[in-house]
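Working through the structure, step by step
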Amino acid sequence: MKKTIKNFQKSIYNLLGSRGFQFAMLLVMALSTGIRAYAAGNGLSGINEATSMVTSYFDPGTKLIYAIGAVVGLIGGVKVYSKWSSGDPDTTKTAASWFGACIFLIVAATILRSFFL
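Note that the structure is predicted; figures quoted are calculated from it, not measured.

Let's shift gears to the pattern of salt bridges. Following the criterion strictly, the structure yields one salt bridge and no others. Where Asp-88 meets Lys-83, a salt bridge forms, and the shortest distance between an N and an O atom there is 3.4 Å. A relative accessible area of 26% means that Lys-83 is categorised as partly exposed.

Shown next, in the form of structure tokens:
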């Protein structure tokens, strides 16, 4: 069994040391590098295109979030006014929560826009 393994090892060493095998491996590596370079160029242009598409949505998205913040502020103002008019003692807590929601929407939109652009 040991002789068989030694003979197998010797034949592998002979194969790896031959010029034809080395040339074939060099050719395969050169071709694979060229293919990777070609594919990387296409991937890079795709990533750049996707980046420009995503960044083009930030201005309309920011304006949409500002509009949603304005609507939330109006609804909150009406809710707080109705609670205040009815004499509810929980008016300050309601006003703080609605005001906090509006501020969060505006600050989140501004920070996301400045972070990604």
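Examined against the element boundaries, Thr-62 turns out to sit in helix H3 (residues 58-86). With a relative accessible area of 7%, Thr-62 lands in the buried category. A distance of 2.6 Å separates a polar atom in the side chain of Thr-62 from the backbone oxygen of Phe-58. Excluding its chain neighbours within four sequence positions, the residues that come into contact with Thr-62 are Ala-109 and Arg-113.

This next bit is on helix H4 (residues 91-116). With 26 residues, H4 should cover 38 Å at 1.5 Å per step; its first-to-last C-alpha distance of 38 Å lies within 8% of that length. Along H4, the residues that are buried comprise Thr-91, Thr-94, Cys-102 and Ala-109. Packed against the buried residues of H4 are H3.

Another aspect to go through is a nonpolar patch on the surface. On the surface, a nonpolar cluster with roughly 730 Å² of combined accessible area is contributed by Phe-99, Ile-103, Val-107, Ile-111, Leu-112, Phe-115 and Phe-116. Taking relative accessible area as the criterion, Leu-112 reaches 43% and is therefore assigned partly exposed.

Conventions and cut-offs
Residues numbered from 1 in each chain as written. Predicted model: local features only at pLDDT ≥ 70, side-chain atom pairs only at ≥ 80, totals over all residues. Heavy atoms only, no water. Salt bridge = Lys/Arg side-chain N within 4 Å of Asp/Glu carboxyl O. Buried < 20%, exposed > 50% of the residue type's maximum accessible area, 1.4 Å probe, protein only. Helix = DSSP H or I, 4+ residues; strand = E, 2+ residues; numbered from the N terminus. Polar contact = N/O pair within 3.5 Å; in protein donor to acceptor, adjacent residues only side chain to side chain. Contact = heavy atoms within 4.5 Å. Expected span 1.5 Å × (residues − 1). Patch = residues over 30% accessible without salt bridge, like charges linked within 9 Å, V, L, I, M, F, W, Y side chains within 5 Å. Areas by Shrake-Rupley, 256 points an atom, 1.4 Å probe, with all protein chains shown as cover.

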